[in-house]
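# Architecture and fold: a report
Residues per chain, in single letters:
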Amino acid sequence: MVETDKPHEHVAIERFSPAGPLAVLPLTDPEGDGNDDYQTGYRRSVVWVCPKGEDKYLADDAHFLATLQQAFGERAGTFVAAGRRGAYPLTRVLADKQVEGRCVIMGNAAHTLHPVAGQGFNLCMRDAHVLAQMMSAQVLKGEDIGDTQLLKRYETARLSDQKRVIRFCDAVVHGFTHPNPAIKLARNVALVAFDKLPNIKPLVANYAMGLKS
Ligand SMILES: Cc1cc2nc3c(=O)[nH]c(=O)nc-3n(C[C@H](O)[C@H](O)[C@H](O)COP(=O)(O)OP(=O)(O)OC[C@H]3O[C@@H](n4cnc5c(N)ncnc54)[C@H](O)[C@@H]3O)c2cc1C
């Protein structure tokens, strides 16, 4: 958690560097009794992808805030306070099998994605929705919700969306970290177009949410 001198206004900001993305995301304020020492609407979480072995996050608060400010710039204002930090290795996972007998693995255990596009939890929700629908239909037919054939059909039904999102996240990571100047130019043109052209953002958002393929 960090605090800025500018309110977040519920806007997430992500910057891309050759080392990986750096995202600053709005945080909901905790329920308070009015005596807490935080200002409403100024708390944000930070997702900072660093090369293996880098330990920027471990530095003392003042050094961490200065390094973050330098890497992120002024878009979110000045970083004035930092909370506890942790580091996690980023590992891509797509389980060989998501179903065995009457057991289904879901969520990160089934697929772990790069957080570049914030897609992992959305994907888990779509998996859960499809499984719930299939199980409801099974209940209405008076049949077993743990039937292996049903669960296998669930796995098959979800694989294409899961692979699509993994490819999408990989493409975003490679697109933003690739050193080739031609790819950098194409990326920058695409970003400007994304920002300026009407109707592109809803299209990309729908694609990312799995509403259109
Ligand atoms: C930095 C980051 C940012 C993200 N941002 C977004 C986003 O903006 N939008 C989005 O849709 N998704 C996002 N995701 C992905 C999202 O966090 C995951 O999809 C989601 O957390 C998966 O939930 P889960 O319950 O399957 O796994 P987890 O959240 O990983 O939960 C698994 C839990 O099991 C515990 N556990 C593990 N092993 C054991 C064990 N042996 N015994 C007992 N407990 C155990 C772990 O400690 C953990 O608490 C992000 C991921 C990361 C890393």
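The coordinates are above.
Okay, so let's go over this structure.

Calculation criteria
Residues numbered from 1 in each chain as written. Predicted model: local features only at pLDDT ≥ 70, side-chain atom pairs only at ≥ 80, totals over all residues. Heavy atoms only, no water. Axes fitted to C-alpha atoms, helices over the stretch in contact; angles between N-to-C directions. Helix = DSSP H or I, 4+ residues; strand = E, 2+ residues; numbered from the N terminus. Parallel < 35°, antiparallel > 145°, perpendicular 65-115°, else oblique. Left-handed = near helix turned anticlockwise from the far one by under 90°. Contact = heavy atoms within 4.5 Å. Nonpolar A, V, L, I, M, F, W, Y, C, P; charged D, E, K, R; others polar. Near = heavy atom within 4 Å. Polar contact = N/O pair within 3.5 Å; in protein donor to acceptor, adjacent residues only side chain to side chain. Areas by Shrake-Rupley, 256 points an atom, 1.4 Å probe, with all protein chains shown as cover.

## Overview of the packing of helix α2 (residues 120–140) against helix α3 (residues 148–177)
With their axes 10 Å apart at the nearest point, α2 and α3 run at an angle of 155° to one another. The orientation of α2 relative to α3 falls into the category roughly antiparallel. Viewed along their axes, α2 and α3 form a crossing whose handedness is right-handed. Here Leu-123, Arg-126, Asp-127, Val-130, Leu-131, Met-134, Met-135 and Gln-138 of α2 lie close against α3, whose contacting residues are Leu-150, Leu-151, Arg-153, Tyr-154, Arg-158, Asp-161, Gln-162, Arg-164 and Val-165. In the contact of α2 with α3, the residues fall into nine nonpolar, two polar and six charged.

## Section: the site of the ligand
Around the ligand, the neighbouring residues are Val-47, Gly-107, Asn-108, Pro-115, Gly-118, Gln-119, Gly-120, Phe-121, Asn-122 and Cys-124. One nitrogen or oxygen atom from the main chain of Gly-118 is found 2.9 Å from a nitrogen atom belonging to the ligand. Calculation on the ligand without its partners gives an accessible area of 1000 Å², and the protein chains cover 35% of this total. For the shell around the ligand, a count of residues per class yields four nonpolar, six polar and no charged.

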